[in-house]
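Below, each chain spelled out in residue letters.
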Amino acid sequence: MQYIIDACTVINLLHIDEDEFLLKNLQKLEFSICKEVYDEINKNVFKKLQKITPYPKERHKEIEIKLNYFRLCIHRDESYKDLDEEVSELLNYSKKNGEYQSMLLSFYLNTFNRTRVIFYTDDSPAQKKFIPYLQHHKIGYIEDSVDLLITLYRHNDGFSTTDLKRFLSLLYHEYASEISALEKLLQNFEIPKSEIRNSEFSEMVSRLRYSINKLELEVVAKLYSQVKERRNKYSSIFEVLIKFSDFFRSNISSDFLIKINQHIEFVDSRPFYKF
Amino acid sequence: MSYQELFNLKSNPFRLTPAISSQEIIWAGFPIIKDKFHSRIKRAIKVPNSSLILNWGEYGSGKTHAARYFGKESVLAEISVEAGEKIPYFIFVTLPKGKSPIEDFYTNIVDKLDIANLRASFDLLNTELNNYIDLIGDNVFIKNVAKAFFNNDIEENLFRRYLYGSANAADNRALSNHGIQRVLNADTDYSKLLSVIFSCLTYKGSVYSSVILWIDEFEDIAILTKVNGDKTNSFLRELLDNTPNNLLIFLNLTQSALFNIEDLGEYISEALKSRIKDRINFELPKEPEILKYVSELLKAYIIDDLTESDIYFPFNEALLSQILKDLGNVSLRSINEALGTLVDLAESDRKTPIDFEYYTANKTDVIGWKN
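Fair warning: this is a prediction, and the values are worked out from it, not measured in the lab.

Engineer: Tell me what's going on with the overall build of chain A, and back it up with residues and numbers.
Structural biologist: When you go through chain A residue by residue, the secondary structure sums to 14 helices and four strands. The C-alpha atoms of chain A give a radius of gyration of 20 Å, which matches the 19 Å a tight globule of 275 residues would have. The buried share of chain A, taken over its 275 residues, is 40%. Long-range pairs, those at least 24 residues apart, make up 72% of the contacts in chain A between residues at least 6 apart in sequence.

Written out as structure tokens, the structure reads:
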């Protein structure tokens, strides 16, 4: 089995792994990341909510050391890029982002190393888009950070149920704290006097408030894209949303949040098998 | 000037977020909720037992506003006079959401304690207070820190540095003469120290009758990690256990994307739940309540009482009823937003009074898509 990890998953691991515990456990798995994914991690790892609260400076060094480990996991042999044209057409996908590069590597490793692949990503649209292809061509599976944590727990003796609950809880906190901050800013947002005749503007604010309160994260992400596309028209609300651009980039679904909580409960109610 | 000329109002009364300045904070309408808080605070002043109250409602239902209003010295003084006791000591904090919630909680509370003023208020009672501190609890170190808190001989800035954990070597040397030989520990000392200080503040009811700790955004306990959620529960439980008398804690809880009142049991420990004495619900307001609210709010903003007789001016009752009907069942903040927008529009169009025809022409801007 070959493991490939996406940027959002690595960033989460870097943030929740305060004492390198996860990193040490992760080293026992054979996993790869694409160069583009590494660059994405490097670019975004300190950006989390940076416009609201700066990422703690004292933790920069610690994260940089951990990043070195992920640098060693970059799949240096770029032969997999030779499949670009073929796979791009097969997947009907034109973006050359990290998720796509990871898919390209999955196809390559499965085809030439004859190994099944698990691609870890929390990106909901990427999951929806690529799962059918991985299944149809018998390449492998897509799993998320929750699945990865459970795998690490199951295959490492020193990884206790308390550790598992702690990391799942930290993972939930990573996303939930951003949702809560976003919801509060949207609820407290006052429509500027200059926009009171702009019914499209107030409708956008109302839709955003309504959707975040119902935890319709996919709808909120779509509305964010609309605001971003017409940022001049929606400038004051865009200034609020842009603070959460990394959260929107992570593209997580409401179901994923529910899944994290459900699996925290499963640790006690339906324990995961461990030999 | 336009609000004054057009509407006989000081400014637009319909604000979305509560005012900060104490003079601007008024209570309009909703007499039942007001009475509930009033009687809860009065009871806390008169009855010694400490208690915990939950305030529950949607975003914009008025919980933070209630905290600001009942935190006003004039309001607390009025309730105290009624109860025939001294004023309560009021502390308002927001639930910390970071990775060290207990440290943040403690720091936020210490930030609000005016040490210089408190020392001055308790100056004449200092000997009695020290004897009292000796009687409460068995932790000599905590007692020494509490005594130092009220001790005028210890420089305030030095002592604050100690409380914040940033004392230097010279500070530590000075404090060791007062029996303080180590730093405070978040897990074991913070709640104990605050409890002793709270108990001192209400000693014999001489200066303060009780302590009111009002915690806003408590729903964010749902986004804390399990460990930090447990720590927050323990901290509050210890605070209540170690301050058995004269402490009233209000917890503001908002129905949010990640928190519903039905889930409360998941986040609040049994030990803490058993200490909840009451729940004050901020329900979605009904038409008669809103009409009363609007008339009282307008009255508070009116400049000259004599110029207009209509209590709803610049609106009228029929128009308000129609707007409320169009808005449907919504929070007070949505109502404020709609009426505030209508007033702003009329001000820019220099339209007064605001009638049905004007509202209809601007309905899309006022009502919006969905509230």
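Engineer: Please give an account of the overall build of chain B that cites residues and values.
Structural biologist: Helix and strand counts for chain B stand at 19 helices and five strands. Restricting the contact set of chain B to residue pairs at least 6 apart, pairs at least 24 apart contribute 79%.

Engineer: Could you give an account of the sheet that holds strand E1 (residues 2-5) of chain A, naming the residues involved and the relevant values?
Structural biologist: Residue and element names in this part refer to chain A. One open sheet holds the four strands; their spatial order is E2-E1-E3-E4, and the pairing between them is parallel. Single-partner strands in this sheet number two, and they are strand E2 (31-32) and strand E4 (140-143). Of the pairings in the sheet, the one linking E1 to strand E3 (residues 117-120) comprises four bridges and is parallel in character. Residue pairing for E3: Tyr3 is matched across the bridge by Ile118. Strands in contact with helix H6 (residues 98-112) are E1, E2, E3 and E4; relative to E3, the strand with the most contacts, it is inclined by about 170 degrees.

Engineer: If you had to explain the domain arrangement of chain A to someone new, which residues and values would you point to?
Structural biologist: All names here are of chain A. We note that the domain assignment places domain 1 (2-155) and domain 2 (161-250) within chain A. Once you take the C-alpha centre of each, domain 1 and domain 2 turn out to be 25 Å apart. Between domain 1 and domain 2, the contact holds 19 residues from the first and 13 residues from the second. Among the secondary structure elements, those contributing two or more residues to the side of domain 1 that touches domain 2 are helix H1 (7-16), helix H2 (21-26) and helix H8 (145-155). Each residue belonging to the side of domain 1 that touches domain 2 can be placed in one class, and the counts come to nine nonpolar, five polar and five charged.

Engineer: An account of the environment of Val294 of chain B is needed here, citing residue identities and associated values.
Structural biologist: Residue and element names in this part refer to chain B. Position of Val294 relative to the elements: it lies in helix H15 (residues 287-301). The class for Val294 is buried, based on 24 C-beta atoms found within 10 Å. For the pair formed by Val294 and Phe313, sequence separation is 19 residues and the distance between their alpha carbons is 9.8 Å.

Engineer: Any chance you could break down the environment of Phe14 of chain B for me, citing the residues and the numbers?
Structural biologist: All names here are of chain B. Here Phe14 is to be found in the loop between helix H1 (2-7) and helix H2 (31-46). C-beta crowding within 10 Å serves as the criterion here: with 21 such atoms nearby, Phe14 is assigned to the buried category. Separated by 330 residues in sequence, Phe14 and Asp344 place their C-alpha atoms 9.9 Å apart. Here Phe14 is in contact with Asn336, Leu339, Gly340 and Val343, once residues within four sequence places are set aside.

Engineer: Can you break down the packing of helix H7 (residues 126-135) of chain B against helix H8 (residues 140-149) of chain B residue by residue, with the values?
Structural biologist: Residues and elements named next belong to chain B. Look at H7 against H8: their axes get within 10 Å of each other, and the N-to-C directions meet at 160 degrees. Relative to H8, the element H7 lies roughly antiparallel. Considering the relative orientation of H7 and H8, their crossing is right-handed. Note on element contacts: H8 touches H7 through Lys143, Ala146 and Lys147, opposite Asn130, Ile133 and Asp134. Residue composition of the contact of H7 with H8, by class: two nonpolar, one polar and three charged.

Engineer: Mind laying out the interface of chain B and chain A, listing which residues take part and the relevant values?
Structural biologist: The partner chain A presents 25 residues to the 23 residues of chain B that form the contact. Sorting the residues of the side of chain B that touches chain A by element identifies helix H12 (226-242), helix H17 (332-349) and helix H19 (363-367) of chain B as the ones contributing at least two each. Broken down by element, the side of chain B that touches chain A gets its largest block of residues, three residues, from H17 of chain B. Of the residues belonging to the side of chain B that touches chain A, the class tally is nine nonpolar, eight polar and six charged.

Engineer: Describe the domain arrangement of chain B, and please don't skip the residues or the numbers.
Structural biologist: Residue and element names in this part refer to chain B. When its domains are assigned, chain B resolves into domain 1 (2-17 + 287-367) and domain 2 (31-282). Measuring from the centre of the C-alpha atoms in domain 1 to the corresponding centre in domain 2 gives 39 Å. Listed per partner, the contact involves four residues of domain 1 and five residues of domain 2. Per-class residue counts for the side of domain 1 that touches domain 2 are one nonpolar, two polar and one charged.

Engineer: I'd like to hear about the sheet that holds strand E5 (residues 276-282) of chain B, residue by residue, with values.
Structural biologist: Residues and elements named next belong to chain B. An order of E2-E3-E4-E1-E5 is seen for the five strands of this open sheet, with the pairing classed as parallel. The sheet is open, and its two borders are formed by strand E2 (89-94) and E5, each paired with just one other strand. With strand direction ignored, the average angle separating the axes of adjacent strands in the sheet is 15 degrees. Across the sheet, H2 touches strand E1 (51-57), strand E3 (211-216), strand E4 (247-254) and E5, and the angle it forms with E5 is around 160 degrees.

Engineer: Go over helix H10 (residues 199-213) of chain A with me, naming the residues and quoting the values.
Structural biologist: Residue and element names in this part refer to chain A. Along its 15 residues, H10 runs 21 Å from first to last C-alpha, staying within 8% of the 21 Å computed at 1.5 Å per residue. If you check which residues of H10 are buried, you get Phe201, Ser202, Met204, Val205, Leu208, Arg209, Ser211 and Ile212. Backbone geometry just downstream of H10 places Leu215 in the positive-phi region, at approximately 60 degrees.

Engineer: Break down helix H5 (residues 101-112) of chain B for me, citing the residues and quoting the values.
Structural biologist: Residues and elements named next belong to chain B. With 12 residues, H5 should reach 16 Å at 1.5 Å per residue; the first-to-last C-alpha distance of 17 Å fits that figure. Inspection of H5 places Pro101, Phe105 and Tyr106 among the buried residues, and these make up the whole buried set. The arc enclosing the buried residues of H5, seen along the axis, measures out at 130 degrees, which places them on a common side. At its buried positions, H5 is contacted by helix H11 (190-201) and H12.

Parameters and conventions
Residues numbered from 1 in each chain as written. Chains lettered and ligands numbered in written order. Predicted model: local features only at pLDDT ≥ 70, side-chain atom pairs only at ≥ 80, totals over all residues. Helix = DSSP H or I, 4+ residues; strand = E, 2+ residues; numbered from the N terminus. Rg over C-alpha atoms; globule rule 2.2 N^0.38 Å. Buried ≥ 20, exposed ≤ 12 C-beta atoms within 10 Å, placed from the backbone. Contact = placed C-beta atoms within 7 Å. Pairing = 2+ DSSP bridges. Axes fitted to C-alpha atoms, helices over the stretch in contact; angles between N-to-C directions. Domains from an automatic or database assignment. Nonpolar A, V, L, I, M, F, W, Y, C, P; charged D, E, K, R; others polar. Parallel < 35°, antiparallel > 145°, perpendicular 65-115°, else oblique. Left-handed = near helix turned anticlockwise from the far one by under 90°. Expected span 1.5 Å × (residues − 1). Arc of directions from axis to C-beta.

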